[in-house]
Amino acid sequence: MLRLAIVLLFAALPQATVAQDATMFGMQTADDSRGWDAVGKLILGDRGFCTGTLIEPKLVLTAAHCLFDKETGAPMRPEDIQFYAGWRNGRAVAYRSVRRAVAHPDYSYDDADKLERVSSDLALLELNQAIRLPSLVPFETDVAPVEGDHVGVVSYAQDRSEVPTFQEVCEVLAERATTLILSCNVDFGSSGAPVFAIHDGVAKVVSVISAKAEIEGRKVALAVALAAPLRVLRAALAASHADPRPGIAGVQVLSGGDEGGAKFVKP
């Protein structure tokens, strides 16, 4: 049976920026980050940060566990979450607050089967105001990659929290239903980071980072394949609009599955 040690990738604030990994590229300038500003930093009140991606002018894609207080497991209030699009060295291209936050209906923060929980670790954030800037174009999404495909990740993390970092090439090591195992280098704060497939110079989001893990001593990243989970999530967001309380209706959580074979390590 596959044994994983899994760590969710919240990051606490503040964090200092240190030297980046040699296989990663920090986007320090406007030229470096041109075309990538739809990736942003999600500020989770005073509890830390995650990474999110604008996929429509008013919708941000991220990991579901970012919507929960990592100490208490309680859902965060949407109004306590901020999206800083294209955050770089103390400034963002656009700042927005969150009006509504919806987790995948199958996601449960307290699910005993931690590996199974990764497969639905997906959330949509509805912003209070659309972002419509010529220089900031939402990313399209696409079907999940398969084993052996090369992908890239743009993320913020605890040791590189002030600039987005691009790892252009990492590999899909394995597929497990809606969960992917990647060779990508991720750390705390990378939760919700977009995984990109790049074809003919066009980057599309194909997955979202959920956790870092180890398999027999090798560091890997666990990610959620989009296609089917995103369709379910969009339907859940649409259904949530029936609730007249936009600041409260947000997080939807249902019970999950049974105990599985993964070994989970809390941060």
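Read on for an overview of the structure. Only a predicted model underlies this, so the values are computations on that prediction, with no experimental measurement involved.

Let's shift gears to the state of the cysteines. Overall, the coordinates contain two disulfides when judged by the stated rule. The side chain of Cys50 participates in a disulfide bridge whose partner is Cys66; the two sulfur atoms lie 2.1 Å from each other. Across the S-S bond linking Cys50 and Cys66, the dihedral sits near -95°, which makes this disulfide left-handed. Of this pair, Cys50 sits in strand S4 (residues 49–56) while Cys66 sits in the loop between strand S5 (59–62) and strand S6 (81–85), and the two are 16 residues apart along the sequence. For the pair Cys50 and Cys66, a shared accessibility class is recorded, and that class is buried. Paired through a disulfide, Cys170 and Cys184 show a sulfur-sulfur distance of 2.0 Å. Between Cys170 and Cys184, the disulfide has an S-S torsion of 65° and is therefore right-handed. Residue Cys170 is located in strand S10 (residues 160–176), and its partner Cys184 is located in the loop between strand S11 (179–182) and strand S12 (194–199); the two are separated by 14 residues in the primary sequence. In terms of burial, Cys170 and Cys184 fall into one category: buried. When the cysteines engaged in disulfides are numbered in sequence order, the protein chain pairs them as 1-2, 3-4.

Attention shifts here to the pairing of strand S9 (residues 150–157). For S9, the buried fraction is high: seven of the eight residues fall into the buried class. Between the end of S9 and the start of S10, which pair antiparallel, lie two residues. Alignment of S9 against S12, held across two bridges, turns out to be antiparallel. What sits directly across from Gly152, in S12, is Phe196.

Basis of the calculations
Residues numbered from 1 in each chain as written. Predicted model: local features only at pLDDT ≥ 70, side-chain atom pairs only at ≥ 80, totals over all residues. Heavy atoms only, no water. Disulfide = S-S within 2.5 Å. Helix = DSSP H or I, 4+ residues; strand = E, 2+ residues; numbered from the N terminus. Buried < 20%, exposed > 50% of the residue type's maximum accessible area, 1.4 Å probe, protein only. Pairing = 2+ DSSP bridges.

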